[in-house]
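Below are the chains, spelled out letter by letter.
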Amino acid sequence: MLTQTRADNDVSTAILFAGERAFAEFGYNGASMRAIAREAGVNQAMIAYYFGSKEGLLEAIMRRRSTFVNTQRQDRLAALRAAGTPSVEQLIEAFLRPLIELGTDSERGGYAYVKLLAVLTHSVDNLAKRIVAENFDGIARRFVEAFQEVAPEMSESDAIRAYLLSLGTGIASIGIEGRAGPMSRERYDRVDTEQLIRSVVAFASGGVRTLMRKS
């Protein structure tokens, strides 16, 4: 029987954070279970005890974060619908705000999650595609339908593009300073989270409205 020196929640959470950082930095194949255990301060056997396998750990990481983000998305969408017909800007903010707020919150370690999400979203690996589909296809479908409700003439394909291209913009906005700073020779005008969200929503909504007019 495994000996535990910390509460279960503390141990499993430490493993989740360490795994998230490792997968984000080195990818699924490059991340070492031994290194993850070392950073989490546990024996490697504890990862198997809590998560079963490397794949199980990745699934748990994504499920934990996606549940948090998607619950907020669903609540925001429900509130918008209850108030009437939402605008394009409101829809985009409803699904991007929870992600951007998490990704820019250093205390919650959200940057590593968004970085990992970007890797998985663009991967052709079957494991990555399955995990992304299981965690995000349901909520994505709701927003695709919402875009079509706002613009009934919009095709399903254009509505899907509206969602995915807006999402890509939101993901790309996380950590933008790391590229923009050197690119501007450190003259880049840094913004807070609220300003960043406004910029992303303004940029994405312009593209979505173009797709609506195209339809």
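Residues numbered from 1 in each chain as written. Predicted model: local features only at pLDDT ≥ 70, side-chain atom pairs only at ≥ 80, totals over all residues. Heavy atoms only, no water.

**Q** Just give me the short version of the side chain of Asn70, but keep the residues and values in it.
**A** As for its position among the elements, Asn70 is in helix α4 (residues 54–83). At a separation of 2.7 Å, a polar atom in the side chain of Asn70 contacts the main-chain carbonyl oxygen of Asn135. Setting aside chain neighbours within four positions, we find Asn70 in contact with Asn135, Phe136 and Ile139. (Helix = DSSP H or I, 4+ residues; strand = E, 2+ residues; numbered from the N terminus. Polar contact = N/O pair within 3.5 Å; in protein donor to acceptor, adjacent residues only side chain to side chain. Contact = heavy atoms within 4.5 Å.)

**Q** Any chance you could break down helix α7 (residues 126–150) for me, citing the residues and the numbers?
**A** Taking 1.5 Å as the rise per residue, α7 with 25 residues should run 36 Å; its terminal C-alpha atoms sit 34 Å apart, in good agreement. When the local axis directions of α7 are compared, the greatest deviation, roughly 50 degrees, occurs at Phe136. Taken together, the buried positions of α7 are Leu127, Ala128, Ile131, Val132, Asn135, Phe136, Ile139, Ala140, Phe143, Val144, Ala146 and Phe147. For α7, the N-terminal cap is Asp125; the gap from its side-chain oxygen to the backbone nitrogen of Leu127 is 2.9 Å. (Expected span 1.5 Å × (residues − 1). Bend = angle between axes of the 7 residues up to and from the residue. Buried < 20%, exposed > 50% of the residue type's maximum accessible area, 1.4 Å probe, protein only.)

**Q** Please set out the nonpolar core residue by residue, giving values where relevant.
**A** Judged by nonpolar contacts, the single largest core of 68 residues is most densely connected at Leu57 and Phe147. In terms of residue count, α7 provides more of this core than any other element does, 11 residues in total. In contact with Leu57, other than residues within four places in its own chain, are Ile15, Leu16, Gly19, Phe23, Met33, Ile36, Ile47 and Phe51. (Core = buried A, V, L, I, M, F, W, Y, C linked by side-chain atoms within 4.5 Å.)

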